[in-house]
Amino acid sequence: MGSHRFFRRHRWVGMLLVLCIPLRVLAQQATKSDAALAREGALALAAAHGDKPRYGGTFFSAGNEEIPFYDMHQTSFGGVYAAVAPAYNCLIRTSPYDPMAMDIMPELADTWDISDGGKTLTFHLHKGVQWHDGVPFSSADVTYTIERIMHPPKGMVSPRGPVFNALIERVEAPDPETVVVYGKGPSSLLLPLFANGHNVIIPKHLVEPDPVNALKTRVIGTGPFKLKEPPTTTLWKYERNPHYFKKDLPFLDAIEIHIITDPQALVAALLSKRVYWSDVFAHANLDRDLAKSTAHQNPNLLHTANPGLVVSHLAMQSEKPPFDDVRVRQALSEAIRREAMAELGNQSGAVGTGDYPLGPWAMPSEMRAHLIGYGPDMAKRLAHAKALLASYEKDKGKIDWSKLKIQCSTNIKFSCENAQVVQQLLKKINVTIELEPMLVAQHRGNEVTGNFQLSLLGAATDFDDPIDTFGQWFVTNGGRWYQRHSVSEIDKLYAQQTFIADPEVRKQAIWEMDTLAMNAAAYLILHWFDLHHVRWNFVKGWTITPNIRSTNARMDYVWLDLPELPYSRW
């Protein structure tokens, strides 16, 4: 069995050039990994990254999405994730200092082994962990959590269920301190799956009696913070968990998360120091103009922009006419110039398809140019769009566009903004569609239930890998398969590419799958966002990452560099 309990990074120190002395290569120095440092304690990890954290203080944060319920496993809402993440743990986590959110560290699992050619993971759990209600944590909680995600009970939506099912054959607990995950095949995504912030471990003893509803109104975790009082629609109050199994964490004494849905009000709270940063994670609601102008108003405010795994999408309900016909869907896609989202709106980012356009699986631009909706010649695309609609109307009759609407979220800034851009672009093919604005909770609910015709909203992915993006958006019955359009060839290619070891061979299958999805034109990828984050310079221990579901939202490593706070809690 190949042990992965300890990792090493090697840094070449370099070569010293001295006049009149031959070049000599200095000895290669091995430094401890963040995983090894974390096992020594949070202070050792912080010191290795040049930090000397202070203990104590209340952190004032601002979320900008309403929180309809609290169960992370039943939603893809970033607001829900950010609000409840401080209360939970994953089996493993990513290093708070890694800007790519890829370095794996212990959390509920102290160590882990990878065997059987990468198909089997054995997690050895931390001893002495307890839930916030005092009940001991064990491997039974882990197996129950994974089974619930993979096989949700009737009435529960499990957005990440398809991804788990694509990778995992079964899970077992041979004893209270050990969990064995048997994969369907070797995959580089199998281990990171358990370090994703959404995939927290939940308490079996509380959830099993009512698996659908138990966590919708309760937050009981093993995490560094526990709720001080029941949350309201505008305020979440956390206090430090005094029985946390990592004794030197968290650094903060308390967190207050204020829910401020209006971007301008959020900026005002930030400038007045009523909150210390713009969100618990970088959010697309704070666009480039707001973020930059806010940071410019005070030299002690820091602004960071980072390409993120978040898209603006236009879903067409393909079970309802006229969007059950590929000609209509392709016509709309051809008319929508993706670059206009950044040019006419306030969001920066990149044009792409079903895979992250800045990552290793991205389709080459010359190949992308041949897809429906991505050609460089707009005059040609518009003519094609009109011809497609004329063909449809010749066969099935004229479309009454006045009866069709684009749903958008008033409290998600880019949603209705991009819907207006799309609305104007479609007029170029003589299509006039009204907008139907609503709050995001109702809007997302409509996507889940299929109660829409056109829906413009956003979706964040958890990993830069088609197992995640296609497993959620395009595979039949995927986690966020809002368009309800099944393409059997995509399903077959998805299963085939999942365990292809050769990355170049796998890319060919991925690009074929991507081509089918874009040309089916039922779920349009309009724009991949840059994420903007503004915070005061005394906020430390935070690293922005492309993956907004990184475990940094746990807030356990965040600290305040304020002189009145001590360096020790003892």
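Being a predicted model, the structure only gives us computed values, none of them experimental.

Asks: I tried to follow the packing of helix H15 (residues 466-473) against helix H16 (residues 488-497) on my own but got confused; where do I start?
Replies: At a closest axis distance of 11 Å, the pairing of H15 and H16 adopts a crossing angle of 155 degrees. One finds that H15 runs roughly antiparallel with respect to H16. Between H15 and H16 lies a crossing of left-handed hand. Of H16, the residues touching H15 (which contributes Pro466, Ile467, Phe470 and Gly471) are Ile490, Tyr494 and Gln497. Along the lines of polarity and charge, the residues of the contact of H15 with H16 split into five nonpolar, two polar and no charged.

Asks: Before we go on, may I ask you to explain the environment of Leu249 in this structure?
Replies: Among the structural elements, Leu249 can be located in the loop between strand S14 (235-240) and strand S15 (254-259). Given a relative accessible area of 2%, Leu249 falls into the buried group. Considered as a pair, Leu249 and Leu526 are 277 residues apart in the sequence and their alpha carbons are 41 Å apart. For Leu249, the contacting residues outside a window of four places in its chain are Ala42, Tyr244, Asp556 and Tyr557.

Asks: How should I be thinking about the packing of H16 against helix H17 (residues 503-520) in this particular structure?
Replies: Any two packed helices are characterised by the angle at which their axes cross and by the distance between the axes. Two elements in contact, H16 and H17, have axes separated by 9 Å at closest approach and are oriented at 160 degrees. The pairing of H16 with H17 is recorded here as roughly antiparallel in orientation. Read as a crossing pair, H16 and H17 show a hand that is left-handed. On H17, the residues touching Glu489, Ile490, Leu493, Tyr494 and Gln497 of H16 are Arg506, Ala509, Ile510, Glu512, Met513, Leu516 and Ala517. For the contact of H16 with H17, the per-class residue count stands at eight nonpolar, one polar and three charged.

Asks: Help me understand helix H14 (residues 440-449) in this model?
Replies: Since one α-helical turn is 3.6 residues long, residues separated by three or four positions face the same way. Within H14 the residues assigned to the buried category are Val440, His443, Arg444, Asn446 and Glu447. The buried residues of H14 all sit within an arc of 155 degrees when viewed along its axis, so they share a single face. Lining the buried residues of H14 we find strand S16 (301-316), strand S18 (405-409), helix H13 (413-426), strand S19 (434-438) and strand S20 (454-460). Once H14 ends, the next one or two residues include Gly450, with phi positive near 85 degrees.

Asks: I would appreciate a short explanation of the confidence of the model for the protein in the present structure.
Replies: Low-pLDDT portions of the prediction should not be read for the details of their coordinates. In this model, the protein carries a mean pLDDT of 91, and residues with pLDDT of at least 70 account for 95%. With pLDDT under 50 throughout, residues 1-30 is counted as low confidence; its partners more than four residues away or in other chains account for 41 contacts.

Asks: Quick question: what am I supposed to make of unusual backbone geometry here?
Replies: It is generally the case that most residues other than glycine have a negative phi and that most peptide bonds are trans. That bond from Leu249 to Pro250 is cis: its omega, -5 degrees, falls within 30 degrees of zero. Inspection of the secondary structure assignment puts Pro250 in the loop between S14 and S15. With an omega of 5 degrees, the peptide bond running from Pro321 to Pro322 counts as cis. Tracing the chain through its elements places Pro322 in the loop between S16 and helix H9 (326-335). With a phi angle near 65 degrees, Lys273 is a residue other than glycine that sits in the positive phi range. Within the fold, Lys273 resides in the loop between helix H7 (263-271) and helix H8 (288-296).

Asks: What exactly am I supposed to notice about H17 here?
Replies: Taking 1.5 Å of rise per residue, the 18 residues of H17 would be expected to cover 26 Å, and the 25 Å separating its terminal C-alpha atoms lies within 8% of that figure. Where the residues of H17 are buried, they touch H9, helix H11 (365-368), H15, H16 and strand S21 (523-536). With a side-chain oxygen lying 2.9 Å from the backbone nitrogen of Glu504, the N-terminal cap of H17 falls on Asp502. Of the residues trailing H17, Ala521 is marked for its positive phi of about 55 degrees.

Asks: Sorry, what's going on with the packing of aromatic side chains here?
Replies: What characterises a pair of aromatic rings is the spacing of the ring centres plus the angle enclosed by the ring planes. What the rule picks out here adds up to 21 aromatic pairs. With centroids separated by 6.1 Å and ring planes inclined at 85 degrees, the aromatic side chains of Phe164 and Phe194 adopt a geometry described as edge-to-face. Of the two residues, Phe164 sits in helix H5 (residues 161-167) while Phe194 sits in the loop between strand S12 (178-183) and helix H6 (204-207), which places them 30 residues apart along the sequence. What makes Phe164 buried here is its relative accessible area of 1%. Assessed through its relative accessible area of 2%, Phe194 is described here as buried. Ring-pair connections join several aromatic residues into one group, and the members of that group are Phe59, Phe60, Tyr276, Trp277, Trp536, Phe538 and Trp542. The ring centre of Trp536 lies 4.5 Å from the NZ or CZ of Lys273, which sits over that ring.

Quick notes on the rules
Residues numbered from 1 in each chain as written. Predicted model: local features only at pLDDT ≥ 70, side-chain atom pairs only at ≥ 80, totals over all residues. Heavy atoms only, no water. Axes fitted to C-alpha atoms, helices over the stretch in contact; angles between N-to-C directions. Helix = DSSP H or I, 4+ residues; strand = E, 2+ residues; numbered from the N terminus. Parallel < 35°, antiparallel > 145°, perpendicular 65-115°, else oblique. Left-handed = near helix turned anticlockwise from the far one by under 90°. Contact = heavy atoms within 4.5 Å. Nonpolar A, V, L, I, M, F, W, Y, C, P; charged D, E, K, R; others polar. Buried < 20%, exposed > 50% of the residue type's maximum accessible area, 1.4 Å probe, protein only. Arc of directions from axis to C-beta. pLDDT = per-residue confidence, 0-100. Expected span 1.5 Å × (residues − 1). Polar contact = N/O pair within 3.5 Å; in protein donor to acceptor, adjacent residues only side chain to side chain. Phe/Tyr/Trp six-rings, centres within 6.5 Å; stacked < 30°, edge-to-face > 60°. Lys NZ or Arg CZ within 6 Å of the ring centre and 35° of its normal.

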